[in-house]
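# Structure at a glance
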Amino acid sequence: MNETLPDRLSVDPQSPFHDADLLARGIGIRFNGEERTTVEEYCVSEGWIRVAAGKALDRRGRPMTVKIKGEVVPYFLDAGADPASAATT
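Residues numbered from 1 in each chain as written. Predicted model: local features only at pLDDT ≥ 70, side-chain atom pairs only at ≥ 80, totals over all residues. Heavy atoms only, no water.

## Thoughts on the packing of aromatic side chains
Applying the stated rule across the entire model yields zero aromatic pairs. The ring of Phe76 carries Arg25 above its face, with NZ or CZ at 3.7 Å from the centroid. The ring of Trp48 carries the charged tip of Arg50 above its face, separated from the ring centre by 5.6 Å. (Phe/Tyr/Trp six-rings, centres within 6.5 Å; stacked < 30°, edge-to-face > 60°. Lys NZ or Arg CZ within 6 Å of the ring centre and 35° of its normal.)

This is how it looks when you write it as structure tokens:
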């Protein structure tokens with residue numbers, strides 16, 4: 001299986017950056033050195049993540065998101081893998 005993650009990935013099935021196979025495998029995000037579990041979308045090259053803005057919904061019923069800039073390090077979630085070691089490889 002491919003061991004590289006895309007530059008940009010989204011959990012929204014309507015997004016052109018959605019990849020169900022990668023998401024099923026499990027993706028972790030380290031943002032500015034901290035684990036983030038509520039990331040809706042990320043972009044490594046531009047250095048941002050999108051997270052839900054509370055419980056607010058847009059007019060289509062999807063969560064409203066906020067873009068936060070910083071260092072983004074995605075990695076695969078493996079049963080025995082340490083996220084800190086995965087971020088350095």
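## With respect to the pairing of strand S5 (residues 48-57)
As defined by bridge partners, strand S4 (residues 39-43) adjoins S5 across four bridges and the pair is classed as antiparallel. Bridged to Val39 within S5 is Val51. Joining the antiparallel neighbours S4 and S5 is a turn of four residues, in which Gly47 adopts a positive phi near 70°. Taking the residues between adjacent antiparallel strands as the criterion, S5 and strand S6 (residues 63-69) are bridged by five residues, where Gly61 takes a positive phi near 85°. (Pairing = 2+ DSSP bridges. Helix = DSSP H or I, 4+ residues; strand = E, 2+ residues; numbered from the N terminus.)

## Focus on the pattern of salt bridges
All told, the structure shown has three salt bridges when counted by the stated rule. One salt bridge connects Arg8 with Glu41, and the closest N-O pair in it is separated by 2.9 Å. Pair noted here: Arg8 is in strand S1 (residues 8-10) and Glu41 is in strand S4, with a separation of 33 residues, a long-range link. Take Arg8: its relative accessible area is 25%, and that puts it in the partly exposed class. Relative accessible area serves as the criterion here: at 11%, Glu41 is assigned to the buried category. Residue Arg30 pairs with Glu35 through a salt bridge whose shortest N-O separation is 2.9 Å. (Salt bridge = Lys/Arg side-chain N within 4 Å of Asp/Glu carboxyl O. Buried < 20%, exposed > 50% of the residue type's maximum accessible area, 1.4 Å probe, protein only.)

## Focus: the sheet that holds S1
Here we have four strands laid out as an open sheet, ordered S1-S4-S5-S6, and antiparallel in their pairing. Strands at the two margins of the open sheet, each flanked by one partner only, are S1 and S6. Across the sheet, the mean angle separating the axes of adjacent strands is 25° when strand polarity is ignored. In this sheet, S6 lies alongside S5 in antiparallel orientation, the contact comprising six bridges. Pairing of Ile49 across the sheet is with Ile68, part of S6. (Axes fitted to C-alpha atoms, helices over the stretch in contact; angles between N-to-C directions.)

## Here we look at the pairing of strand S7 (residues 72-76)
Burial analysis of S7 places five of its five residues in the buried class, which makes it a mostly covered element. Of the two faces of S7, the one holding Val72, Pro74 and Phe76 and the one holding Val73 and Tyr75 are both buried throughout. Bridge analysis of strand S2 (residues 27-31) against S7 gives five bridges, and the strand direction is antiparallel. By the bridge assignment for S7, Phe31 is matched with Val72.

## A look at the side chain of Ser10
As for its placement among the helices and strands, Ser10 is situated in strand S1. A distance of 3.1 Å separates the side chain of Ser10 from the backbone nitrogen of Asp12, its partner in a polar contact. Setting aside anything within four residues of it in sequence, one finds Ser10 in contact with Ser15, Phe17, His18, Asp19, Leu23, Glu40 and Glu41. (Polar contact = N/O pair within 3.5 Å; in protein donor to acceptor, adjacent residues only side chain to side chain. Contact = heavy atoms within 4.5 Å.)

Read these as spatial facts, not as claims about activity.
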